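So you can see what is in the structure, the chains are spelled out below.
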Amino acid sequence: MQAKSEIVSRSASSASPSRSSNFLIKAIVALSMAVGMIGTNAADAEAKAANSRYAGIVVDANTGNVLYSENADRLQYPASLTKMMTLYLTFEALEQGRIRLDTAVPFSAHASGQAPTKLGVRPGGTISVEQAMLGLVTLSANDAATALGELLGGNEDRFAQIMTAKAHALGMTRTTYRNANGLPNTAQMTTARDQARLGIALRQHFPQYFGYFSTQSFKFGNRIIRSHNRLVGSVRGVDGIKTGYTRAAGFNLVSSVQVDGKSIVGVVLGGASTPARDNQMRNLIASYLPKASSRGGSSSLVAQAPKISTETVIPVTVPKQEIASVAAAVELPRSHPAPTARDQVASAQVAYADTSSAKSDNPLLQEMPQPTRVKTQPVKQASVAVPTPAPAYMPPEQGDTSIDTVTTASTKEVQPSGWVVQIGVSASREAAMDLLDGAKTKGGKALRSAKPFAIAYAGSYRARFGGFDDQKDAVNACNSLKRAGVKCWAAAQ
């Protein structure tokens, strides 16, 4: 009996410390979890505060749908993303024949004196246009960007005005440029949404030059210059576009991705560091590329803006109707055709931009503020050996409306007014009329009463059908042509 009591007593005494230990362990675990939660919340708050400048957007480049958006319309500093517009205007000049890849780019004292990063070309030195382009997409060379701006605009201030005018014409209505390279200027601002629009425009308007953005390194003299864009070559499908950094802007990045028919453009602004920015872009790509559509992509999502002359500077005010039409082009409309060509008239109102309809749910198409008026003064262009410029955009003439408003031709031939359908551009009037004759046979009854005509513009002839009563008739005619395999778009003339 006594032995049994001893056993029970020992069991009780041994069980008591065990229960105490269990209680102590549970208390410690609970306290640790509470501290951990407090620490996590504090870390999250600290990270959020440290990254208060962050903005981002991901757009499906096939459809224009916004897959992700955070602070996408907040004004931010673009830093070296500015060079995307410098390159857009360079590509445009190449396409027009005003410069060539081997055209010499002279470096003024102003260009050579730009802050790093730079190629280090001395005042009076020259490089080729192609070398300058490579310097921008890899090293983000500030001196080369300024030199290109001076070549194309006569001086950098004037070129910045041209950049801003082009941005507004592309629908980037919240973007203002003050220089060609993105070095700090408090008036130089943009948004994530605007940069996504520019990224899509670069790919769709200049596919023949977009490959430069995937350059990982190039040889310049005795130097091998490697790209700052670490995602090219390391993330599947990434083929550009541009990095950027200033202390005020943070770490910026625009990336283009194409995989298995899917295509997205992502923008990260205000990153806390290069690794943080790159990791955020990797996460966005991994999260939203699977949600992108593999359909579409046959039409241009961002209507190409009119060519702006670098010889005759003009005040730029983009009409509200044109802003709406450009914005509408960023999403493929459900019931109206998207333009399939990039040759647009400055004053045209695109048919599928129905400003009276309900607002789109797509954040990319939210109403944008009116662009600012860019006041410019003619500046004598520096004497640079440049090939003879191709004819460029001229402002509409006032007065005699029987004259084509986008040419200086003196013809008095009366052209159809109202809504028209354009099917292409030809080198001669005869060729344009032949194009129209062939298309009319395919258009069926929708074109039965349409009047074919060719309108002179910049040394070529636009092939158009006129005589439509209203927008609906023009759109229906264009749809008939598209079903027959003829590319077209409708516009108000």
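Residues numbered from 1 in each chain as written. Predicted model: local features only at pLDDT ≥ 70, side-chain atom pairs only at ≥ 80, totals over all residues. Heavy atoms only, no water.

Asker: Help me understand the overall build of the chain, please; the structure alone is not making it clear to me.
Answerer: A tally of helices and strands in the chain yields 12 helices and 14 strands. Scored against the burial criterion, the 493 residues of the chain give a buried share of 50%. Intrachain contacts of the chain at a sequence separation of at least 6 include 70% that bridge at least 24 residues. (Helix = DSSP H or I, 4+ residues; strand = E, 2+ residues; numbered from the N terminus. Buried < 20%, exposed > 50% of the residue type's maximum accessible area, 1.4 Å probe, protein only. Contact = heavy atoms within 4.5 Å.)

Asker: Sorry if this is basic, but what is going on with the pattern of salt bridges here?
Answerer: Side-chain pairing between opposite charges can occur once the charged atoms of the two side chains come close. All told, the structure shown has 6 salt bridges when counted by the stated rule. The closest approach of N and O atoms between Asp239 and Arg203, which form a salt bridge, is 2.1 Å. Here the residue Asp239 occupies a position in strand β7 (residues 238–246), and Arg203 occupies one in helix α7 (residues 192–205), the gap between them amounting to 36 residues. The residues Asp239 and Arg203 share a single accessibility class, namely buried. Here Asp278 ties to Arg277 by a salt bridge, and the two come within 3.1 Å at their closest N and O atoms. (Salt bridge = Lys/Arg side-chain N within 4 Å of Asp/Glu carboxyl O.)

Asker: Is there a simple way to explain the sheet that holds strand β2 (residues 66–70) in this structure?
Answerer: Consider a sheet: its strands pair through backbone hydrogen bonds, and that pairing is either parallel or antiparallel. Taking strand neighbours across the sheet as the criterion, the 5 strands line up as β2-β1-β9-β8-β7 in an open arrangement whose pairing is antiparallel. In the strand order of this sheet, the two ends are held by β2 and β7, each with one partner. Strand-to-strand twist across the sheet, computed as the mean angle between neighbouring axes with direction ignored, equals 5 degrees. Two elements, β7 and strand β8 (residues 250–259), share 7 bridges in a ladder whose sense is antiparallel. Paired with Gly244 across the strands is Asn252, a residue of β8. (Pairing = 2+ DSSP bridges. Axes fitted to C-alpha atoms, helices over the stretch in contact; angles between N-to-C directions.)

Asker: Explain the pairing of β8 to me, please; I cannot follow it from the model alone.
Answerer: Successive residues of a regular strand alternate their side chains across the two faces of the sheet. For β8, the tally of buried residues reaches 9 of 10 residues, placing the bulk of the element in the interior. Counting the residues in the hairpin turn of β7 and β8 gives 3 residues. Here 8 bridges tie β8 to strand β9 (residues 262–271), and the two strands are oriented antiparallel to one another. Residue pairing across strands places Val254 opposite Val267, the latter belonging to β9. Between β8 and the antiparallel strand that follows it, β9, lie 2 residues; Asp260 among them carries a positive phi value of about 50 degrees.

Asker: Is there a simple way to think about the pairing of β9 in this case?
Answerer: In terms of residue burial, β9 counts as a mostly covered element, since 9 of its 10 residues are buried. For strand β1 (residues 55–60) and β9, the ladder comprises 6 bridges, and the chain directions are antiparallel. In the sheet register, Val59 faces β9, and the bridge partner there is Val265.

Asker: Looking at this structure, I do not really get the side chain of Arg203. What am I missing?
Answerer: Overall, the relative accessible area of 18% leaves Arg203 in the buried class. A distance of 3.0 Å separates a polar atom in the side chain of Arg203 from a polar atom in the side chain of Ser256. Other than its neighbours up to four places away in sequence, Arg203 contacts Phe210, Asp239, Ser256 and Gln258. (Polar contact = N/O pair within 3.5 Å; in protein donor to acceptor, adjacent residues only side chain to side chain.)

Asker: Even after reading the chapter, I still don't get the packing of helix α2 (residues 82–96) against α7, so can you show me in this structure?
Answerer: Helix-helix packing: each pair is described by the crossing angle between the helix axes and the interaxial distance. Relative orientation of the contacting elements α2 and α7 amounts to 25 degrees, with a least axis distance of 11 Å. When the axes of α2 and α7 are compared, the pair comes out roughly parallel. Note that α2 runs across α7; the crossing there is left-handed. Residues Met84, Met85, Tyr88, Phe91 and Glu95 of α2 lie in contact with α7, whose contacting residues are Gln195, Leu198, Gly199, Ala201, Leu202 and His205. (Parallel < 35°, antiparallel > 145°, perpendicular 65-115°, else oblique. Left-handed = near helix turned anticlockwise from the far one by under 90°.)

Asker: What is the right way to read the environment of Ile57 from this model?
Answerer: Relative to the assigned elements, Ile57 resides in strand β1. Classification of Ile57 as buried rests on a relative accessible area of 0%. When the C-alpha positions of Ile57 and Val265 are compared, they lie 8.2 Å apart, and in sequence the two are 208 residues distant.

Asker: What exactly am I supposed to notice about helix α4 (residues 129–137) here?
Answerer: Since there are 3.6 residues in each turn of an α-helix, residues three or four apart along the chain are aligned in direction. Counting buried positions along α4 yields 7 of 9 residues, so the element is predominantly enclosed. Taken as a whole, α4 has its buried residues at Val129, Ala132, Met133, Leu134, Gly135, Leu136 and Val137.

Asker: Which parts of the structure should I look at to understand the packing of aromatic side chains?
Answerer: Inspection of every chain in the model, using the stated rule, returns 8 aromatic pairs. Between Phe210 and Phe213 the ring centres are 5.2 Å apart and the planes differ by 50 degrees, which places this aromatic pair in the tilted class. Note on accessibility: Phe210 and Phe213 belong to one class, buried. Members of the aromatic cluster, joined through ring pairs, are Tyr88, Phe91, Phe206, Tyr209, Phe210 and Phe213. (Phe/Tyr/Trp six-rings, centres within 6.5 Å; stacked < 30°, edge-to-face > 60°.)

Asker: Sorry if this is basic, but what is going on with the side chain of Ser140 here?
Answerer: Positionally, Ser140 belongs in the loop between α4 and α5 (142–153). Sequence-distant contacts of Ser140, that is, excluding residues within four places in its chain, are made with Ser80, Lys83, Thr117, Gly135, His228 and Lys242.

Asker: I tried to follow the confidence of the model for the chain on my own but got confused; where do I start?
Answerer: Low pLDDT means the predicted coordinates in that region are not meant to be read closely. The pLDDT averaged across the chain works out to 75; a share of 65% of its residues lies at or above 70. Long-range and interchain partners of residues 310–413, a stretch whose pLDDT sits below 50, account for 213 contacts in this model, where long-range means more than four residues apart. (pLDDT = per-residue confidence, 0-100.)

Asker: Please explain the nonpolar core as it appears in this structure.
Answerer: Nonpolar side chains tend toward joint burial in soluble globular proteins. In terms of nonpolar packing, the biggest core is built from 64 residues, with Met85, Phe91, Leu119 and Leu198 touching the most fellow members. Among the elements that make up this core, the one with the highest residue count is α2 (8 residues). If sequence neighbours within four positions are ignored, Leu119 has contacts with Ile127, Gly135, Leu139, Ala141, Asp143, Ala144, Phe218, Phe220, Arg223 and Ile225. (Core = buried A, V, L, I, M, F, W, Y, C linked by side-chain atoms within 4.5 Å.)

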